[in-house]
Amino acid sequence: MLDAKLRPLIDPPLNRIGRSLAGLGVTANMLTFAGLALGLAAAAAIAFGEVWIGLLLIIANRLADGLDGAVARASAPTDLGGYFDIVADFAFYVSVPLGFGVMAAQNAVPALVLTASFVLTGVSFLAFAVIAAQRGETTQAHGKKSFFYSTGLAEGTETIAAFIAMCLFPAWFGVIAYAYAALCTLTVFQRSALAVKQFSR
């Protein structure tokens, strides 16, 4: 919901840094895998109760995720890079709830519900992208991407906001997880309604 609105604000500084990194020989895939390592380390830190370290690593992960796209735009985006990027994103998204679920027994069920909602949201997102590509449809709402990015209520910005809230208020993890799982479920219905409207033509 907020990703497209934030894009004009964050892209210019990221693109400047991305051009500098590309000039130094840093590749987008290097940053993608570095970001994945940071994200998984965040989940591990949370699982061991080091929530503040986890928060810092989550922020570092998002910075790497923004920079890999910037480096790709400054050099030559590839389909393989796009594949690695989306796989790394979803691996990160599901690992954070897993970390909270391991950290405390009372978090296990809400973590499971949230992870299931992420799976449903991811499936709706990727299925929409596949069919949109088959139909030759494109969008620039989220900047230049390797494949079609459909807009939804729960996107990257909202997910990170939820993760930050979980780290700041770990005792409220269950409430935040259930609330965000509900938003993800609404996103699936919203995207499905959009698919009916767009793909019926």
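The structure reproduced in this document is the subject of the present report. Quick caveat, the model's predicted, so the values are computed rather than measured. (Residues numbered from 1 in each chain as written. Predicted model: local features only at pLDDT ≥ 70, side-chain atom pairs only at ≥ 80, totals over all residues. Heavy atoms only, no water.)

Points about the side chain of Asn-107
Okay, step 1: Position of Asn-107 relative to the elements: it lies in the loop between helix H4 (79–103) and helix H5 (108–134).
Okay, step 2: Once residues lying within four places of it in the same chain are set aside, the contact partners of Asn-107 are Phe-100, Gly-101 and Phe-173. (Helix = DSSP H or I, 4+ residues; strand = E, 2+ residues; numbered from the N terminus. Contact = heavy atoms within 4.5 Å.)

Looking at the packing of H4 against helix H6 (residues 156–168)
Okay, step 1: The contact between H4 and H6 brings their axes to 11 Å, and the two run at 20 degrees. Taken together, the axes of H4 and H6 are roughly parallel relative to one another. Classified by chirality, the crossing of H6 by H4 is left-handed. On H6, the residues touching Phe-92, Tyr-93, Val-96, Pro-97 and Phe-100 of H4 are Gly-156, Thr-159, Ile-160, Phe-163, Met-166 and Cys-167.
Okay, step 2: Along the lines of polarity and charge, the residues of the contact of H4 with H6 split into nine nonpolar, two polar and no charged. (Axes fitted to C-alpha atoms, helices over the stretch in contact; angles between N-to-C directions. Parallel < 35°, antiparallel > 145°, perpendicular 65-115°, else oblique. Left-handed = near helix turned anticlockwise from the far one by under 90°. Nonpolar A, V, L, I, M, F, W, Y, C, P; charged D, E, K, R; others polar.)

Let's talk about empty space enclosed by the protein
A water-sized probe rolled over the atoms picks out the places where empty space is left.
Okay, step 1: Per the counting criterion, the structure on display carries one cavity of 30 Å³ or more.
Okay, step 2: The computed volume of the largest cavity comes to approximately 60 Å³.
Okay, step 3: Lining the largest cavity are 13 residues, with Thr-32, Gly-35, Leu-36, Asn-61 and Asp-65 positioned closest to its centre.
Okay, step 4: Going through the elements one at a time, helix H2 (28–47), helix H3 (51–74) and H4 are the ones with two or more residues in the lining of the largest cavity.
Okay, step 5: At five residues, H3 tops the list of elements feeding residues into the lining of the largest cavity.
Okay, step 6: Of the residues in the lining of the largest cavity, the class split is five nonpolar, three polar and five charged. (1 Å grid on protein atoms, 1.4 Å probe; cavity = no way out; pocket = protein on both sides within 12 Å on 5 of 7 lines; lining within 4 Å. Points joined across faces, edges and corners; volume = space filled by probe spheres on them.)

Focus on the nonpolar core
Okay, step 1: With 26 residues, the main nonpolar core has Ile-58, Phe-163 and Met-166 as its most contacted residues.
Okay, step 2: At the level of secondary structure, the elements contributing two or more residues to this core comprise H2, H3, H4, H5, H6 and helix H7 (173–199).
Okay, step 3: No other element matches the six residues that H7 contributes to this core.
Okay, step 4: Those residues in contact with Met-166, other than ones at most four positions away along the chain, are Phe-100, Leu-114, Phe-173, Ile-176 and Ala-177.
Okay, step 5: Ranked by size, the runner-up nonpolar core spans seven residues in total, among them Ala-28, Leu-31, Ala-70 and Val-71. (Core = buried A, V, L, I, M, F, W, Y, C linked by side-chain atoms within 4.5 Å. Buried < 20%, exposed > 50% of the residue type's maximum accessible area, 1.4 Å probe, protein only.)

Some points on the packing of aromatic side chains
Okay, step 1: Applying the stated criterion to the full structure yields eleven aromatic pairs.
Okay, step 2: When the ring of Phe-92 is compared with that of Tyr-93, the centres are 5.7 Å apart and the planes differ by 50 degrees; the resulting orientation is tilted.
Okay, step 3: Ring plane angle 85 degrees and centroid distance 5.8 Å describe the contact between Phe-92 and Phe-163, whose orientation is recorded as edge-to-face. In this pair, Phe-92 sits in helix H4 while Phe-163 sits in helix H6, placing the two residues 71 residues apart along the sequence. Just as Phe-92 is buried, Phe-163 falls in that class too.
Okay, step 4: Feature note: the residues Phe-90, Phe-92, Tyr-93, Phe-118, Phe-125, Phe-163 and Tyr-180 constitute an aromatic cluster, connected by ring pairs. (Phe/Tyr/Trp six-rings, centres within 6.5 Å; stacked < 30°, edge-to-face > 60°.)

As for the pattern of salt bridges
Okay, step 1: Within this structure, the stated rule accounts for two salt bridges.
Okay, step 2: In this structure, the salt-bridge partner of Asp-65 is Arg-62, at a minimum N-O distance of 3.3 Å. Linking Asp-65 with Arg-62, this pair stays in helix H3, spanning three residues, or about one helical turn.
Okay, step 3: Overall, Arg-62 belongs to the buried group, its relative accessible area being 18%.
Okay, step 4: One salt bridge connects Arg-62 with Asp-89, and the closest N-O pair in it is separated by 3.2 Å. Taken together, the residues span a long stretch of sequence, with Arg-62 in helix H3 and Asp-89 in helix H4 at a distance of 27 residues. There is no split in this pair, since Arg-62 and Asp-89 are both buried.
Okay, step 5: Each of Arg-62, Asp-65 and Asp-89 takes part in one network of salt bridges that share partners. (Salt bridge = Lys/Arg side-chain N within 4 Å of Asp/Glu carboxyl O.)

Notes on the environment of Arg-19
Okay, step 1: Mapped onto the elements, Arg-19 comes out in helix H1 (residues 3–23).
Okay, step 2: With 55 residues separating them along the chain, Arg-19 and Ala-74 place their C-alpha atoms 5.3 Å apart.

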